[in-house]
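# A closer look at the structure
Below, each chain spelled out in residue letters.
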Amino acid sequence: MKTLQHLFDRNIKWADGIIAGNPEFFATLSRQQNPEYLWIGCSDSRVPANQIVDLPPGEVFVHRNIANLVVHTDLNCQSVIQYAVEVLKVKHIIICGHYGCSGVKAAMDNREYGLIDNWLRNIRDVRRFNSEALEGLQEDAQFDSLCELNVKEQVRNVCNSTIVQNAWRNGAELYIHGWIYNIKNGLLKDLGSCVSTDE
Ligand code: CO
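Attention here is on the structure that accompanies the text. (Residues numbered from 1 in each chain as written. Predicted model: local features only at pLDDT ≥ 70, side-chain atom pairs only at ≥ 80, totals over all residues. Heavy atoms only, no water.)

### Brief notes about the pairing of strand E3 (residues 92–98)
This is how the line gets drawn: Each residue is placed in one exposure class: buried if its accessible area under a 1.4 Å probe, protein chains only, is under 20% of its type's maximum, exposed if it is over 50%, and partly exposed if it falls in between. Strands are runs of DSSP state E lasting at least 2 residues, helices are runs of H or I lasting at least 4, and numbering of each runs from the N terminus. The criterion for strand pairing is that DSSP finds at least two bridges linking the strands in question.
Taking burial as the measure, the 7 residues of E3 include 7 buried ones, the bulk of the element. Burial along E3 is two-sided: His92, Ile94, Cys96 and His98 facing one way and Ile93, Ile95 and Gly97 facing the other are all buried. Summarising the sheet, E3 and strand E4 (residues 175–182) pair through 7 bridges and their orientation is parallel. Across the sheet, residue isoleucine 95 finds its bridge partner in E4, namely glycine 178.

Structural data, given as structure tokens:
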């Protein structure tokens, strides 16, 4: 069990299945990737990027972290955005949050969780920015609303990044989308916050 052999067995079956459908699939993909989408989503195991939009390997460039945050000083996330926009020249950046996000929930508590509290601070800020809209809502509604508001805030953060600002200034065709995924029914919802130019 130490070697996780069952995962290797599954891997062989999976690769065989893809080759059965298209013998050239891996050979073609090994030469280059040309994804049209950058997906920034939550690390939650229930929200796998490719599977949700039913796209095969090669179609989605992915960055995931707890609660799908885009923090201006996070070199990891900013580097992913830069590579995706400037080298891969993706046309769409999708920020995909999800209802029932444990990161958002933890940010609503007053409990201490340790190191991650520094990361969750970003969501607590989103809550503070939107305190009027959230005030008076029942806890469940507040939770759903904060999950959505968090996505919208991250869309703003992507739009305000130097990488995206420069890309737009240089005339790139680049759309930023804010989506939310419902883990109860497997469906995505567009939050209507698509941005395509410097506004
Ligand atoms: Co989450």
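On we go.
### Things to note about unusual backbone geometry
For asparagine 68, which is not glycine, the phi dihedral falls at a positive 40°. By secondary structure assignment, the location of asparagine 68 is in the loop between strand E2 (60–65) and helix H4 (75–87). In this structure asparagine 68 comes out as buried when scored by relative accessible area, which is 1%. With a phi angle near 55°, lysine 89 is a residue other than glycine that sits in the positive phi range. Within the secondary structure, lysine 89 is located in the loop between H4 and E3.

### Things to note about the packing of aromatic side chains
Heads up, the condition is: Ring pairs shown here join Phe, Tyr and Trp side chains whose ring centres sit within 6.5 Å, with only the six-membered ring taken for Trp; geometry is labelled stacked below 30 degrees between planes, edge-to-face above 60, and tilted in between. Over a ring means this: the NZ of a Lys or the CZ of an Arg is within 6 Å of the ring centre and within 35 degrees of the ring normal.
Counted by the stated rule, this structure contains 4 aromatic pairs. Centre to centre, the rings of tryptophan 39 and tryptophan 179 are 6.4 Å apart; their planes meet at 85°, and the pair counts as edge-to-face. You can see tryptophan 39 sitting in strand E1 (residues 37–42) and its partner tryptophan 179 sitting in strand E4, a full 140 residues away along the chain. Ring geometry for phenylalanine 61 against tyrosine 83: centres 5.8 Å apart, planes inclined by 35°, an arrangement best described as tilted. Note that phenylalanine 61 is positioned in strand E2 and tyrosine 83 in helix H4, a separation of 22 residues in sequence. Take phenylalanine 61: its relative accessible area is 17%, and that puts it in the buried class. Assessed through its relative accessible area of 37%, tyrosine 83 is described here as partly exposed. Grouped by ring-pair contacts, the aromatic residues Trp14, Phe25 and Phe26 constitute a single cluster. The residue whose ring lies beneath lysine 105 is phenylalanine 143, and the NZ or CZ to ring-centre distance is 5.0 Å.

Everything listed is a geometric property; what it means functionally is a separate question.
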